Amino acid sequence: MQQPPDDSRDWVSASGIPLKSYYMAEDVPAAHQKVLDAAPGEAPFHRGSYPTGYRTKPWRIFQLSGFGKPEDENERIQFLLEQGETGFIMEHDRNTADHLYNVDHPEVLARREDVGLTGAVMQSVRDIDICMKDLPIGTSYGHAGGAVVQHAPFALAGYWTVAKQRGFDLSRLPGTGQSDFFLTYLGCVTKQQIPTDAGLRFNADIMEFCDEHLPRWVPVSIAGYNGADSGLNAPQELGALFANAVEYLEEIKRRGTMPIARAARACGGVSFRMSMDIFEEASKLRAARLMWTQLLSERYDVHDPKVSNLRIHCVTAGSRMTYQQPINNIVRGTLMGLAAALGGVQSLGVSGYDEALSIPSEHAHQMSVRIQQVLQEETNIAAVTDPLGGSYYVETLTAQLIERAWAFFDEIQEQGGFLAALDSGWMHQKAAENQHKEFMAQSDGTQKIIGVTDHTDDISPFEVDGFMGVDDAFDVALARLEEVKRTRHEKAAGSAMRELETVLRSDRNIMPAMMTALESEVTLGEVGDIYREAFGDWATPIQT
Amino acid sequence: MADTGKRILMAKTGLDGHWRGPTIVATALRDAGFEVIMIGMARSDEVLQAAIDEDVDLVGLNIGGHIDVALRAVELVQTECEGMPIFCGGVVPPHAKRRLEALGVEVFPPGSQLPDIVDSARRLTGIA
């Protein structure tokens, strides 16, 4: 056979694991040989969560969505549900939500056109109520927003308050929050943020509150996605994610308020990024389930399969979506979605083909749903669980990822743990090193991206421009802010704010006071002012 | 690489915290011998003030939101610092790119390659 012209190059996985041109049984590391007999649904779960896989539990089609006014976001979510989405995500306007600013804050006023561009503006429970109009919150699976740690208590309390007002029993309400440290302190470092120790307290408070009042709710969801799309490679994403989980578990253990197994269950719904190296990414999900089982059993003596069975949401890598020749991104979304499906997921979001241009247009959103429907209904991949199981290559890669991921986990512990590694900027340094390497590889031709580094002549018949949402989000938000302050029960709002402030300065759980604050129509910016006063600012370790 | 003696201000016009793009660009510019002053998220008046205070030769803007917010900073700098070159990057859809280019701003959307950005900095600061 004729040798391919570049046979001399170093073939490696996306994270740099050297690859052979084929694998044999003896390549599978000895330690991993022992788990090859486990079936899907059996510990250590690398082969999947359930023996029947997608036959009985098709992955949830779960798309990030939101822009404009709350009613615009509601309309888009309704559209996605009509198209076949099987859960929904409420994105709050990043400008206001991430900083807990109302729209009349000087930093927002200076950027009023940005308001509503990346999520609906929700400054009070009235806005959240509009956004949730007619949404099937009792039967569907809702994501209340609150991706950034300091925003989560407000977003969750808002969602739950609306649910209560509609007569839903919180103890039966399904759904999820996020409160993600990777996003808040690594991926998207905002202008002002509470310090990491205050963030840890919030997340533990949310876990406790859900344990008592919302047992069907996923209180926090560690998003390795945000670490990976900031530059962490696959084993680093795994190692850092479990280092994050350990912080939550240690905090709960220190408090002694919840059995550790229930705490593990509470933080055992996580997300990973799916990028373009199909087999490494699919192997990563298999590795993740095994590592979680291992961590809980070895470190916390937790062996209950209901707990050690990690639940995984995946989102396809936004950073892999190209600005150039954007229609190609439909292919990328499909391949990354396939990787997730092969690795085994409970839910999936596929980035819009216009990801590098803007938030998704209605058409891009529809395509993200269609891609998943084609995968689920036309390819027959739902028929067999863990179709890659037993592949010499995939089992070897799974074992190699686990080994490298634990090594990174250990490095983080040597830094003093996950929070310390964020506070010092060590994690940012790791991410930045990889980013730099990747960009250099694109420039020197070793990493090819079709339409960007190669085959750049665009003869695509499609014109794609950025979707810019609506142009009245700011004006409406400002009017509604004034209205809520004018018409709310001022005495109740004032007393709720004082109570919140008192609770923040004590060691009591923040959530009951936050529920009262939302019920009393305290606004986002007012909560933010209380935080800023109580906690001060996180000392950002990076220069942006 | 040899010091170019040229100073570049880099700022983010929006409140979006993605730092990946500007950080990579700043590293490449420093490697190419530029002094880079990063001020993070800044309003248009803060961009102008920093450009004057730091006596820079080029202003780089990272744009993550609505084009009108970026245009305010561009127009203020162009009015108050006559002849100050500006380049920008970030999530800049084609319609926004055209408006910036009409004002003489060089635009590097996602997928731009670092050597091209460095070449542009050299050209805009008059050393190439």
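The residue count restarts for each chain, going from 1 along the sequence in the order it is written. A letter from A marks each chain and a number from 1 marks each ligand, given out in the order of writing. Whole-chain, interface and lining totals are the exception, using all residues; otherwise, since this is a predicted model, local features are given only for residues with pLDDT of at least 70 and side-chain atom pairs are given and counted only at 80 or more. The basis for every side-chain value is the complete set of heavy atoms in the structure, and neither hydrogens nor water enter the calculation.

An unreviewed UniProt entry annotates chain B as Cobalamin-dependent protein originating from Congregibacter variabilis. In its Cofactor (unreviewed entry) section, the UniProt record describing chain B reads: "adenosylcob(III)alamin". UniProt positions are given in the numbering used here, feature names are shortened, and annotations may be inferred rather than shown by experiment.

Caption draft 1: Molecular detail of the nonpolar core. Buried Ala, Val, Leu, Ile, Met, Phe, Trp, Tyr and Cys residues form a nonpolar core when they are joined through side-chain atoms within 4.5 Å. Each residue gets one of three labels from its accessible area relative to the maximum for its type: buried under 20%, exposed over 50%, partly exposed in between, using a 1.4 Å probe on protein chains only. Core analysis: the largest hydrophobic core is formed by 141 residues, its most contacted members being Trp 160, Phe 242 and Met 427 of chain A. Take this core: its biggest share by element is 11 residues, from helix H11 (residues 234-255) of chain A. Residue contacts are defined here by distance: any two heavy atoms, one from each residue, within 4.5 Å place the two residues in contact. Discounting chain neighbours no more than four positions away, the residues touching Phe 242 of chain A are Ala 288, Met 291, Trp 292, Leu 295, Leu 310, Trp 406 and Phe 409 of chain A. Counting residues in hydrophobic clusters, the runner-up holds 27 residues, among them Val 47, Ile 67, Val 74 and Cys 81 of chain B. To qualify as a helix, a DSSP run of H or I must reach at least 4 residues; to qualify as a strand, a run of E must reach at least 2; elements of each kind are numbered from the N terminus.

Caption draft 2: The arrangement of helix H7 (residues 152-165) of chain A in detail. All names here are of chain A. Expected span of a helix: the number of residues minus one, times 1.5 Å. Taking 1.5 Å per residue as the helical rise, H7 with its 14 residues ought to reach 20 Å, and the 20 Å between its terminal C-alpha atoms agrees with that figure. Most of H7 sits out of view: 12 of its 14 residues are buried. Listed as buried for H7 are Ala 152, Pro 153, Phe 154, Ala 155, Leu 156, Ala 157, Gly 158, Tyr 159, Trp 160, Thr 161, Val 162 and Ala 163. Just downstream of H7, Gly 167 is the residue with a positive phi angle, here 90 degrees.

Caption draft 3: Quick look at the sheet that holds strand S4 (residues 86-90) of chain B. Residue and element names in this part refer to chain B. Strand pairing requires that DSSP identify at least two bridges connecting the strands. Taking strand neighbours across the sheet as the criterion, the five strands line up as S2-S1-S3-S4-S5 in an open arrangement whose pairing is parallel. Of all strands in the sheet, those bounded by a partner on one side alone are strand S2 (35-41) and strand S5 (106-108). Averaged over all pairs of adjacent strands, the angle between strand axes in this sheet comes to 20 degrees, irrespective of strand direction. Alignment of strand S1 (residues 7-12) against strand S3 (residues 58-63), held across five bridges, turns out to be parallel. Within S3, the position partnered with Ile 8 by the bridge is Leu 58. Each of S1, S2, S3 and S4 is contacted by helix H1 (residues 20-31), which is oriented at about 165 degrees to S2, the strand it contacts most. The axes are straight lines fitted to the C-alpha atoms, using for helices just the contacting stretch, and the angles between their N-to-C directions are given from 0 to 180°.

Caption draft 4: Focus on the pattern of salt bridges. Residue and element names in this part refer to chain A. Any carboxyl oxygen of Asp or Glu within 4 Å of a side-chain nitrogen of Lys or Arg constitutes a salt bridge here. Within this structure, the stated rule accounts for 43 salt bridges over all chains. One salt bridge in this structure joins Asp 27 and Lys 20, with 2.6 Å as the shortest N-O distance. Residue classification places Lys 20 among the partly exposed residues on the basis of a relative accessible area of 47%. Each member of the salt-bridge network shares a partner with another, and the members are Arg 201, Asp 205, Glu 208, Glu 251, Arg 254 and Arg 255.

Caption draft 5: Quick look at empty space enclosed by the protein. Points on a 1 Å grid, built from protein atoms alone, make a cavity when a 1.4 Å probe fits but cannot get out and make a pocket when they are open with protein on both sides within 12 Å along at least 5 of 7 lines; residues with an atom within 4 Å of a point are the lining residues. Grid points are joined across faces, edges and corners, and a volume is the space filled by probe spheres set on the points. Taken as a whole, this structure holds three cavities of 30 Å³ or more when the rule is applied. Here the largest cavity is characterised by a volume of approximately 70 Å³. Along the walls of the largest cavity sit Arg 94, Asn 95, Asp 114, Leu 117 and Thr 118 of chain A together with Gly 14, Leu 15, Asp 16, Gly 64 and Gly 65 of chain B, which together make up its complete lining. Residues of the lining of the largest cavity, tallied by class, amount to two nonpolar, five polar and three charged. Every residue lining the second largest cavity is listed: Ala 110 and Arg 111 of chain A together with Thr 13, Ala 42, Arg 43, Ser 44, Val 69, Arg 72 and Ala 73 of chain B. Broken down by element, the residue count for the lining of the second largest cavity peaks at three residues, all from helix H3 (residues 67-80) of chain B. The nonpolar class holds Ala, Val, Leu, Ile, Met, Phe, Trp, Tyr, Cys and Pro. Asp, Glu, Lys and Arg form the charged class, and all remaining residues, Gly among them, are polar.

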